[in-house]
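Next come the chains, spelled out residue by residue.
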Amino acid sequence: MSRRQPSAQEMVNELLDLGFNLMAKATSGPSLRRAMQYRDGLLISLLALVPLRRHNIARVELGHNLVQSSGGWMISLDAEDTKTHAPLELDLPQPLVDPLYLYLQEHRPVLVRRTGRWHRDAGNSLWVSKDGSPMTEMAIYDVIRSRTKAAFGKPLNPHLFRDAAATTLAISSPKHVRSAAPLLGHRTFGTTERYYIQAMGLDAHRRFIDAVHPRRKS
């Protein structure tokens, strides 16, 4: 039997679970394998809660657009780094603060010390490859698809993280749906509004099925 297509909110929760499970299980085996697994878990969890474009997430650098603030961290994107050409500042979600500290203290240093075939100086890049280099957009894309395929039986495109976030916000908090536009890099509210309309149509159809199904004769 094929797996039921999860709702947008279920998908966000499943991605979060996947990310945190990967981090929680990165406790045994060679240090490189643990570091890569923890990195991938943190990456997936971050994208589930902060659905940035792949271009932006690949270019996150410590001290530049990931900076410490009182009690946590802030993600800050310059105007030239966003599709809308507008600066964007976000607090790192609290559940990711401790995982980020652990990654920076224990796992990222393992990756930075690597000098594999494709090595180049990682600098301040947050995401570091097994060769000790900054992870490229394509490397991040491949990691996400590989981890989600292993977990769910089919690979998920990183863009689906953004779709799920927009639809979840539209359903759970319609009055705040406009706030998704800058977060998701939409140039106008019209793009975000399509998710809201789609979500409302889906919700209306589900309510219709719930109302009709009990009356349907077997």
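This text follows the structure it describes.
Definitions and cut-offs
- Per chain, residue numbering runs from 1 following the sequence as it is written.
- Whole-chain, interface and lining totals are the exception, using all residues; otherwise, since this is a predicted model, local features are given only for residues with pLDDT of at least 70 and side-chain atom pairs are given and counted only at 80 or more.
- Only heavy atoms go into the side-chain values, all of them from the structure, while hydrogens and water stay out.
- Runs of H or I in DSSP of at least four residues are treated as helices and runs of E of at least two as strands, each being numbered from the N terminus.
- Relative accessible area decides the class of each residue, using a 1.4 Å probe on protein chains only: under 20% of the type maximum gives buried, over 50% gives exposed, and in between gives partly exposed.
- We call two N or O atoms a polar contact when they sit within 3.5 Å, provided that within protein one can donate a hydrogen and the other can accept it, with sequence-adjacent residues counted only if both atoms are side-chain atoms.
- By definition, residues are in contact when any of their heavy atoms lie within 4.5 Å.
- Buried Ala, Val, Leu, Ile, Met, Phe, Trp, Tyr and Cys residues form a nonpolar core when they are joined through side-chain atoms within 4.5 Å.
- Stacked, tilted and edge-to-face are the three classes assigned to paired rings of Phe, Tyr and Trp, where Trp is represented by its six-membered ring and a pair needs centres within 6.5 Å; plane angles under 30 degrees give stacked, over 60 edge-to-face, the rest tilted.
- Any Lys or Arg side-chain nitrogen found within 4 Å of a carboxyl oxygen on Asp or Glu counts as a salt bridge.
- In this analysis, axes come from line fits to C-alpha atoms, helices being fitted only over the stretch in contact, and the angle between any two N-to-C directions falls in the range 0 to 180 degrees.
- Orientation is classified from the angle alone, with under 35 degrees giving roughly parallel, over 145 giving roughly antiparallel, 65 to 115 giving roughly perpendicular, and any other angle giving oblique.
- Asp, Glu, Lys and Arg are counted as charged, while Ala, Val, Leu, Ile, Met, Phe, Trp, Tyr, Cys and Pro are counted as nonpolar; the rest, among them Gly, fall into the polar class.
- For two strands to be treated as a pair, DSSP must find no fewer than two bridges joining them.

Asker: Talk me through the side chain of N65; I want residue IDs and the actual numbers.
Answerer: For N65, the position within the fold is in the loop between α3 (54-58) and β1 (66-69). Owing to a relative accessible area of 3%, N65 belongs among the buried residues under this scheme. Here E61 takes part through its backbone nitrogen, which lies 2.6 Å from a polar atom of the side chain of N65. When sequence neighbours within four positions are dropped, the list of residues in contact with N65 reads R59, V60, M74, I75, S76 and L77.

Asker: Could you give me a rundown of the nonpolar core, with the residues and numbers involved?
Answerer: Judged by nonpolar contacts, the single largest core of 45 residues is most densely connected at I57 and W127. Broken down by secondary-structure element, the contributors of at least two residues to this core are α1 (8-24), α2 (31-49), α3, β2 (72-77), α4 (97-112) and α5 (137-152). Tallying contributions element by element places α2 first for this core, with nine residues. Residues within four places of I57 in sequence aside, it is in contact with L43, L46, L47, L52, W127 and I140.

Asker: Account for the packing of aromatic side chains, naming residues and giving values.
Answerer: Counted under the stated rule, the structure contains two aromatic pairs. Between Y103 and W127, the ring centres sit 5.9 Å apart and the planes meet at 40°, which makes this aromatic pair tilted. Separated by 24 residues along the polypeptide, Y103 in helix α4 and W127 in the loop between α4 and α5 bring together distant segments of the chain. The pair formed by Y103 and W127 is uniform in burial state, with each residue classed as buried.

Asker: Any chance you could break down the pattern of salt bridges for me, citing the residues and the numbers?
Answerer: Here the structure, examined in full by the defined rule, presents two salt bridges. With its nearest N and O atoms 2.9 Å apart, the salt bridge here joins R39 to D40. Notably, a salt bridge pairs D40 with R147, separated by 2.9 Å at the nearest N-O pair. A residue pair is termed long-range when its members are at least 10 positions apart, and D40 in helix α2 and R147 in helix α5 qualify at 107 residues. Using a relative accessible area of 4% as the deciding quantity, one classes D40 as buried. On the accessibility criterion, R147 (22% relative accessible area) is partly exposed. Salt bridges sharing partners connect three or more residues here, namely R39, D40 and R147.

Asker: Could you give an account of the packing of α2 against α5, with specific residues and numbers?
Answerer: In a packed pair of helices, the relevant descriptors are the angle between the two axes and the axis-to-axis distance. Between α2 and α5, the least distance of the axes is 10 Å, while the angle of their chain directions is 90°. Accordingly, the angle class assigned to the pair α2 and α5 is roughly perpendicular. On α5, the residues that touch M36, Q37, R39, D40, L43, I44 and L47 of α2 are I140, V143, I144 and R147. When its residues are assigned to classes, the contact of α2 with α5 shows seven nonpolar, one polar and three charged.

Asker: How would you summarise the pairing of β2 if you had to cite specific residues and measurements?
Answerer: The buried fraction of β2 is high, at five of six residues. As paired elements, β1 and β2 share four bridges and run antiparallel to each other. If you follow S69 over to β2, its bridge partner there is G72. Connecting β1 to the antiparallel partner β2 that follows it, the hairpin turn spans two residues, and G71 within it adopts a positive phi of roughly 80°.

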